[in-house]
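Listed here are the chains, written in short residue letters.
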Amino acid sequence: MKVIYSEECAKHAPKYEILSGNLVDYFESPVRIEIIKSHLQSFSSSHNYTFHESTDYGIDAILAVHDSDFVQYLKTAYDEWCQEGGDKNGILPEAFPHKNMPSFGRNSGAATAIAKAGHYCYDLSCCIMGGTWLAAYASAQVTISAAKALMEDCSLPNENGPIGVFALCRPPGHHATNNLCGGYCFLNNVAIVARLIISATSKKVAILDIDYHHGNGTQAIFYSTSNPIYVSLHGHPDYPWFSGHASETGEGEGEGYTVNVPLTTETDDKKYLEALRSVIQKIIAYEADFLVVSLGVDTFMHDPIAGFNMTSGVYIEIGKHIKSIGKPTLFVLEGGYHLETIGINVGNILEGFNS
Ligand code: OKP
Ligand code: ZN
């Protein structure tokens, strides 16, 4: 199985975040992908993982999902902030426009870098530093490179079941919308490749989001289209708080092509696999040609920011279930913050898929 990565993904590395009023180390750190990479490397003879540095395919696929003013903001915010005398550690919003504020919905209300930060971001998890754009761009290029590899290789004969490629990237993407960053996410990697695969092949794509958190960004981007279908299992109620209800099913042409399965925080292996089986039936009925998986392992019982009760063993079963869909599959890393187990849990999903 091909694993695509980029050293550039390490260039975004905020030191801290605030969790329940406490200053804590930033959970979404560069070590996450280092740990996963070395875990997969230690298995690479038996499971045949091959590691490939990503290629730079340019900005077009990114601009097919994200507004150009938002992309411009991500690129220039840090320099602008520094020119305005801001702290070198980076820029975080100080206030967000809400619907009863005069500048709500008006770009003119966001003149300075700090105001733009509130305009283009919806929480406090997305500090923009000197390397943030480079890392977010690299994360998207890793995912695009993985999608291209999958499209090339999926016509090759493969006796062992469907072919898979793993985009080992960060920062993650599924909380980013067309014009907002949030939830550690700047560019929506999965949305970028779903749209890329559709425009390159004219085929149908299913997105299966198994991160603990609802992928509100991916849902929003594809809410009014029937291709791709977006399917999410997630802890509820939990972050991002204002989306992910079962009643959100899409609109217009997209009606019925968003599927949300909110699960209580008591969810364990058995309950999760039951829910997964039911959505797999829906994905099979959709008759997708490609599957893109938002792969988060923050469903693990000891994850520091999530609430499920799942064990490491269940990830092998999850991988096997995903394999049973039988389609060329792109795995794209999202969350997972328990560093002691992130390698084994991601490895188990891939192992189940490759078994
Ligand atoms: C990103 B991904 C915990 C605070 C939440 C942001 C979480 C972003 C998760 N209660 N802060 O979906 O793993
Ligand atoms: Zn998550």
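Keep in mind that this is a model prediction, so the values were computed, not measured.

So, how was this worked out
Residues numbered from 1 in each chain as written. Chains lettered and ligands numbered in written order. Predicted model: local features only at pLDDT ≥ 70, side-chain atom pairs only at ≥ 80, totals over all residues. Helix = DSSP H or I, 4+ residues; strand = E, 2+ residues; numbered from the N terminus. Rg over C-alpha atoms; globule rule 2.2 N^0.38 Å. Buried ≥ 20, exposed ≤ 12 C-beta atoms within 10 Å, placed from the backbone. Contact = placed C-beta atoms within 7 Å. Axes fitted to C-alpha atoms, helices over the stretch in contact; angles between N-to-C directions. Left-handed = near helix turned anticlockwise from the far one by under 90°. Nonpolar A, V, L, I, M, F, W, Y, C, P; charged D, E, K, R; others polar. Pairing = 2+ DSSP bridges. Near = placed C-beta within 6 Å. Expected span 1.5 Å × (residues − 1). Core = buried A, V, L, I, M, F, W, Y, C linked by C-beta atoms within 7 Å.

Caption draft 1: Geometry of the overall build of the protein chain. A tally of helices and strands in the protein chain yields 11 helices and 10 strands. Here the protein chain has a C-alpha radius of gyration of 19 Å; the compact-globule value for 355 residues is 20 Å, and the two agree. Seen along its three principal axes, the alpha-carbon backbone of the protein chain occupies a region of about 60 × 45 × 40 Å. The proportion of buried residues among the 355 residues of the protein chain is 49%. Sequence separation of 24 or more characterises 77% of the internal contacts of the protein chain that already satisfy a separation of 6 or more.

Caption draft 2: A look at the packing of helix H6 (residues 132-153) against helix H7 (residues 189-201). Direction vectors running N to C along H6 and H7 enclose 35°, while the axes themselves pass 9 Å from each other. Between H6 and H7 the crossing geometry is right-handed. Of the residues in H7, those touching H6 at Ser139, Ala140, Thr143, Ile144, Ala147 and Met151 are Asn189, Ile192, Val193, Leu196, Ile197, Ala200 and Thr201. The residue inventory of the contact of H6 with H7, partitioned by class, reads 9 nonpolar, 4 polar and no charged.

Caption draft 3: Focus on the pairing of strand E5 (residues 164-167). Because side chains alternate across E5, one face comprises the buried residues Gly164 and Phe166, and the other comprises Val165 and Ala167, equally buried. In terms of strand pairing, E5 meets strand E10 (residues 329-333) through 4 bridges, oriented parallel. Bridged to Phe166 within E10 is Phe331.

Caption draft 4: Spotlight on the site of ligand 1. Ligand 1 sits among 14 residues. The nearest are Gly183, His213, Tyr239, Ile305 and Gly335. Taken together, the residues of the shell around ligand 1 sort by class into 5 nonpolar, 6 polar and 3 charged.

Caption draft 5: Region of the structure containing the sheet that holds E10. Spatially, 8 strands are ordered E4-E1-E5-E10-E9-E6-E7-E8 in an open sheet, and the strand pairing comes out parallel. Looking at which strands have only one partner, the edges of the open sheet turn out to be strand E4 (50-53) and strand E8 (258-263). Taken over all neighbouring pairs, the strand axes of this sheet differ in orientation by 15° on average, direction set aside. Sheet topology note: the strand E6 (residues 205-209)/strand E7 (residues 229-235) ladder contains 4 bridges and is parallel. Along E7, the bridge assignment pairs Leu208 with Val231. Along the sheet, H6 makes contact with strand E1 (2-5), E5 and E10, crossing E5 at roughly 170°. Sitting on the sheet, helix H11 (residues 339-354) is in contact with E5, strand E9 (290-295) and E10, with an inclination near 165° to E5.

Caption draft 6: Fine view of H7. The first and last C-alpha atoms of H7 sit 18 Å apart over 13 residues, in line with the 18 Å expected at 1.5 Å per residue. Along H7, the residues classified as buried are Asn189, Val190, Ala191, Ile192, Val193, Ala194, Arg195, Leu196 and Ile197. Looking at the residues trailing H7, positive phi occurs at Ser202, about 60°.

Caption draft 7: The arrangement of the nonpolar core in detail. Core analysis: the largest hydrophobic core is formed by 102 residues, its most contacted members being Ala167, Leu168, Val292 and Leu330. Considering each element in turn, this core owes the most residues, 12 residues, to H6. When neighbours within four sequence positions are excluded, Leu168 is seen to be in contact with Val3, Ile4, Tyr5, Ile33, Ile36, Lys37, Val142 and Leu333.

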